[in-house]
Amino acid sequence: METGIKDFARPVEASAITELLPAPPRVLALGEPTHGEDTLLDLRNTLFRQLVEEEGYRTIALESDCLRALTVDAYVTAGEGSLDAVMKRGFSHDWGVSQANRELVSWLRDFNANRPADDHVRFAGMDGPLEITGAESPRQALTGLHDYLAAHVDTDLLPCAPDRLDDLLGADAPWTNQAAMTDPSQSIGRTPETRELRLLADDMVTLLETQAPHLAAVSSPDDRSRAHLYGRTAVGLLRYHSWMADTSPARMARLLATRDEMMAGNLLALASRGPVLVHAHNSHLQRDKSAMRMWGHAKVEWWSAGALVSTRLGDQYAYLATALGTMRHQGVHAPPPNTVEGILHALPEPQCVIDAAQLNAAARHIAAVPRVSPYFGYAPLDPSHLPRIDGVVYVKDVPHD
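Residues numbered from 1 in each chain as written. Predicted model: local features only at pLDDT ≥ 70, side-chain atom pairs only at ≥ 80, totals over all residues. Heavy atoms only, no water.

A. Expanded view of the overall build of the protein chain. Summing up its helical and strand segments, the protein chain has 15 helices and eleven strands in all. For 401 residues, the compact-globule formula gives about 21 Å, and the C-alpha radius of gyration of the protein chain, at 22 Å, lands near that figure. Once the C-alpha set of the protein chain is aligned to its principal axes, its extents read approximately 75 × 50 × 40 Å. Of all 401 residues assigned to the protein chain, the portion counted as buried reaches 52%. (Helix = DSSP H or I, 4+ residues; strand = E, 2+ residues; numbered from the N terminus. Rg over C-alpha atoms; globule rule 2.2 N^0.38 Å. Buried < 20%, exposed > 50% of the residue type's maximum accessible area, 1.4 Å probe, protein only.)

Below, the structure written as structure tokens:
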């Protein structure tokens, strides 16, 4: 074969992934180039099951609301609730309707059912309570943090009473007003009440840190972890809402960067308790700067969660990008031969794992160019990113589910 990579194509299985890496990473990230395709999610499920069973990973994080994910974690670890209810309430972005996600949650529950708690696989969301069209109220995060602190520290140390939080938060509808995403004047992110909430959130997070020795003595690791999650989420959401009210040219870049910073904070917190498997869009996991165009804006660039985590963890962060050949139901047909996907499409295997360094050599040999997608929901692999990718998972065809 002209590209010289056929000898480096491996079946998509855990051993092929681990052989690409010099040592087991703290965070092993698998990206996808498009959302909502169960073919890619089924592949994720197979890989993650093998990595759990063969490599000992005990946390799986998805690109979903970190607070809603607490419901999923309670189900897979303790059997709380029903599977139907968990799929309805435990995911954001409408991910709960995915059959592949349902199968993953069901498998996690079965895997944990007869194991001791310290050997359970935990489920987490890496994303904030955000959607592309807006953000949630910080009520759950702020009140959850306040309740935890009120139960364990002297009342005099609390920066406010719970009634004050309720007064400042007001109704949820103004927080979740989707029109604010495209019209900053409709955001409440910079009202006097919201500015005070930001100060109170900062004071509560500081109290959480300054009382750490006491809190470690009087509460469980899970309770402290959840309190820190509430703190990160409250601060991040209030910051996000503030930027929604901004009218400067940097508004969208700030929003996207704030979202990925929240993701990075969640991943680093999860990694502090053990190795993590994470699945999200390539643009949230890559080491290179991310870019996108939306709502008529010029190209917006920001550093992804993967870039931020990689900077902190170094070689303890590993990133595999998923690339695809065809997705005909979305108008994505066979890739041009002078693209990364074109090189991979010439391989006989319907799915394979490739060492990114070898693929980069092949791409440089033919001066590969970025593929242009006719479908806005699919982001092809940029050949310039290959030097900072650990491996590529290729799926030749993504059929209509």
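B. Inspection of the packing of helix H3 (residues 69-78) against helix H5 (residues 99-112) at higher detail. Two elements in contact, H3 and H5, have axes whose closest approach is 7 Å; the angle formed by their N-to-C orientations is 40°. Our classification of the angle between H3 and H5 gives oblique. Side by side, H3 and H5 meet where Val-72, Tyr-75, Val-76, Thr-77 and Ala-78 of the first sit next to Val-105, Leu-108, Arg-109 and Asn-112 of the second. Broken down by class, the residue content of the contact of H3 with H5 amounts to six nonpolar, two polar and one charged. (Axes fitted to C-alpha atoms, helices over the stretch in contact; angles between N-to-C directions. Parallel < 35°, antiparallel > 145°, perpendicular 65-115°, else oblique. Contact = heavy atoms within 4.5 Å. Nonpolar A, V, L, I, M, F, W, Y, C, P; charged D, E, K, R; others polar.)

C. Region of the structure containing the environment of Glu-341. As for its placement among the helices and strands, Glu-341 is situated in helix H14 (residues 340-345). C-alpha separation for the pair Glu-341 and Glu-193, spaced 148 residues apart in sequence, amounts to 51 Å. Ignoring anything within four residues of it in the chain, the contact list for Glu-341 reads Ala-323, Leu-324, Pro-335, Arg-371, Tyr-378, Pro-380, Leu-381 and Tyr-394.

D. Seen up close, the nonpolar core. If you look at the biggest cluster of nonpolar residues, it comprises 44 residues, and the most contacted ones within it are Leu-28, Ile-60 and Val-105. The element best represented in this core is helix H2 (residues 38-55), accounting for six residues. Formed by 39 residues, the second largest nonpolar core is a distinct cluster that contains Ala-271, Tyr-319, Leu-381 and Leu-386. (Core = buried A, V, L, I, M, F, W, Y, C linked by side-chain atoms within 4.5 Å.)

E. Up close: the side chain of Asp-246. Inspection of the secondary structure puts Asp-246 in the loop between helix H10 (221-244) and helix H11 (251-271). Asp-246 sits in the buried class, given a relative accessible area of 7%. Once residues within four sequence positions are removed from consideration, Asp-246 is found in contact with Pro-184, Arg-190 and Arg-251.

F. Here's a closer look at the sheet that holds strand E1 (residues 27-32). Strand order in the open sheet made by the seven strands is E3-E2-E6-E1-E9-E11-E10, with mixed pairing throughout. Two strands in the sheet have a free side with no partner beyond their single neighbour: strand E3 (122-127) and strand E10 (351-355). Along the sheet, successive strands turn relative to each other by an average axial angle of 25°, direction set aside. Two strands pair when backbone bridges link them, and strand E2 (residues 59-65) and E3 are joined in this way by five bridges, in the parallel orientation. Each bridged residue has a counterpart across the sheet, and for Thr-59 the counterpart in E3 is Arg-122. Contacting E1, E3 and strand E9 (317-326), helix H13 (residues 305-313) crosses the sheet at an angle of about 150° to E9. (Pairing = 2+ DSSP bridges.)

G. Looking closely at the pattern of salt bridges. Under the definition given, this model contains 18 salt bridges. For Arg-164, the salt bridge goes to Glu-196, with nearest N and O atoms at 2.8 Å. Of this pair, Arg-164 sits in helix H7 (residues 162-169) while Glu-196 sits in helix H8 (residues 192-210), and the two are 32 residues apart along the sequence. Here Arg-164 falls in the partly exposed class, since its relative accessible area comes to 35%. As a salt-bridge pair, Glu-301 and Lys-299 come within 3.8 Å of each other at their nearest N and O atoms. Overlapping salt bridges, with partners in common, bring together Arg-58, Arg-115 and Asp-119 in one network. (Salt bridge = Lys/Arg side-chain N within 4 Å of Asp/Glu carboxyl O.)

H. Quick look at H5. Across its 14 residues, H5 extends 20 Å between first and last C-alpha, which sits within 8% of the 20 Å expected from 1.5 Å per residue. Those residues of H5 that sit buried are Ala-100, Asn-101, Leu-104, Val-105, Trp-107, Leu-108, Phe-111 and Asn-112. Buried residues in H5, looked at end-on, bunch into an arc of 160°, giving them a common side. Elements in contact with the buried residues of H5: H2, E2, H3, helix H4 (83-89) and E3. Two or three places before Ala-100, at the start of H5, stands the capping residue Ser-98, its side-chain oxygen 3.2 Å from that residue's backbone nitrogen. (Expected span 1.5 Å × (residues − 1). Arc of directions from axis to C-beta. Polar contact = N/O pair within 3.5 Å; in protein donor to acceptor, adjacent residues only side chain to side chain.)

Honestly, it's all geometry; don't read function into it.
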